[in-house]
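Reading the structure
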Amino acid sequence: LVSALWRDTIWDLLARLVAFSGQAVPVFWLGLLMILFFSLQLRLLPSGGYGEPLQLIMPAICLGAYYMSAMARLVRASLIDVLDQDYIRTARAKGLSAWRVLVRHGLRNALIPVVTVQGISLAALLGGALVTEIIFAWPGIGRLAVQAIQNRDFPLVQGVVLLAALTFVVVNLLIDLLYLVLNPRIRL
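Throughout what follows, the structure given in this document is the object of discussion. (Residues numbered from 1 in each chain as written. Predicted model: local features only at pLDDT ≥ 70, side-chain atom pairs only at ≥ 80, totals over all residues. Heavy atoms only, no water.)

Side note on the pattern of salt bridges
By the definition in use, this model includes four salt bridges. A salt bridge links R76 to D12; the nearest nitrogen and oxygen atoms lie 2.9 Å apart. Taken as a pair, R76 in helix α4 (residues 54–83) and D12 in helix α2 (residues 10–24) lie far apart in primary sequence, 64 residues in all. Note that R89 is salt-bridged to D86, the shortest N-O span being 2.5 Å. In this pair, R89 and D86 are both assigned in helix α5 (residues 86–93), three residues apart and thus about one turn of the helix distant. Take R89: its relative accessible area is 45%, and that puts it in the partly exposed class. Here D86 falls in the exposed class, since its relative accessible area comes to 54%. Within this structure, D12, R16 and R76 form a network of salt bridges that share partners. (Salt bridge = Lys/Arg side-chain N within 4 Å of Asp/Glu carboxyl O. Helix = DSSP H or I, 4+ residues; strand = E, 2+ residues; numbered from the N terminus. Buried < 20%, exposed > 50% of the residue type's maximum accessible area, 1.4 Å probe, protein only.)

Spelled out as structure tokens, the structure:
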């Protein structure tokens, strides 16, 4: 939002730099760098395992960095496009506050493509969790699927695939229902 509202300022440049670097660094490399820095050098966070809240911080950041960066870039582009529309200028000319114009008119319409991409990203997030699970020694569904394939446990593989497909279908249904909230012109 900051990047879209204050285009071509130092804040826009910093936000874009963070977003580009978040997408440029591979998950496995970011995970290894985080382990080296936060676990081995600073001794602030455990390098792996599960069970404690501190052990969730690095895997969550590592897994979410790419998707956060992609969403930040998409929100910026979508909001810039929406803020240049005629109805935004009309709302400003009516005397509405800048906050109301941004939230009620701008952000609501800018989030429609963002919500779509977010739903599609969930499937990729489930697949990308495997690398993070291996780096941080987390027992997750990705690692379970790989072990099931290695052990030729076909019912378990089918169960994992069914769970992933069901999750994807439910998320897409929720996204379609969320369209009704974001854009009242869309009807069932």
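Having seen it, we continue.
A look at the packing of helix α7 (residues 141–150) against helix α8 (residues 154–182)
It is the contact of α7 with α8, at a shortest axis distance of 9 Å, that shows an interaxial angle of 150 degrees. Considering the angle they form, α7 stands roughly antiparallel to α8. When you trace α7 past α8, the crossing you get is left-handed. On the side of α7, the interface is formed by I141, L144, A145, A148 and I149, while α8 contributes L156, V157, V160 and L163. (Axes fitted to C-alpha atoms, helices over the stretch in contact; angles between N-to-C directions. Parallel < 35°, antiparallel > 145°, perpendicular 65-115°, else oblique. Left-handed = near helix turned anticlockwise from the far one by under 90°. Contact = heavy atoms within 4.5 Å.)

A word on the packing of aromatic side chains
By the definition in use, this model includes three aromatic pairs. Geometrically, the ring pair formed by F37 and F38 is edge-to-face, given 5.0 Å between the ring centres and 80 degrees between the ring planes. Using a relative accessible area of 28% as the deciding quantity, one classes F38 as partly exposed. (Phe/Tyr/Trp six-rings, centres within 6.5 Å; stacked < 30°, edge-to-face > 60°.)

Looking at α2
Taking 1.5 Å per residue as the helical rise, α2 with its 15 residues ought to reach 21 Å, and the 21 Å between its terminal C-alpha atoms agrees with that figure. If you check which residues of α2 are buried, you get D12, A19 and G22. Seen along its axis, α2 keeps its buried residues to an arc of 100 degrees; they face one direction. Set apart from the buried face of α2 by more than 90 degrees, the exposed residues are I10, L17 and A24. Along its buried surface, α2 packs onto α1 (2–5) and α4. (Expected span 1.5 Å × (residues − 1). Arc of directions from axis to C-beta.)

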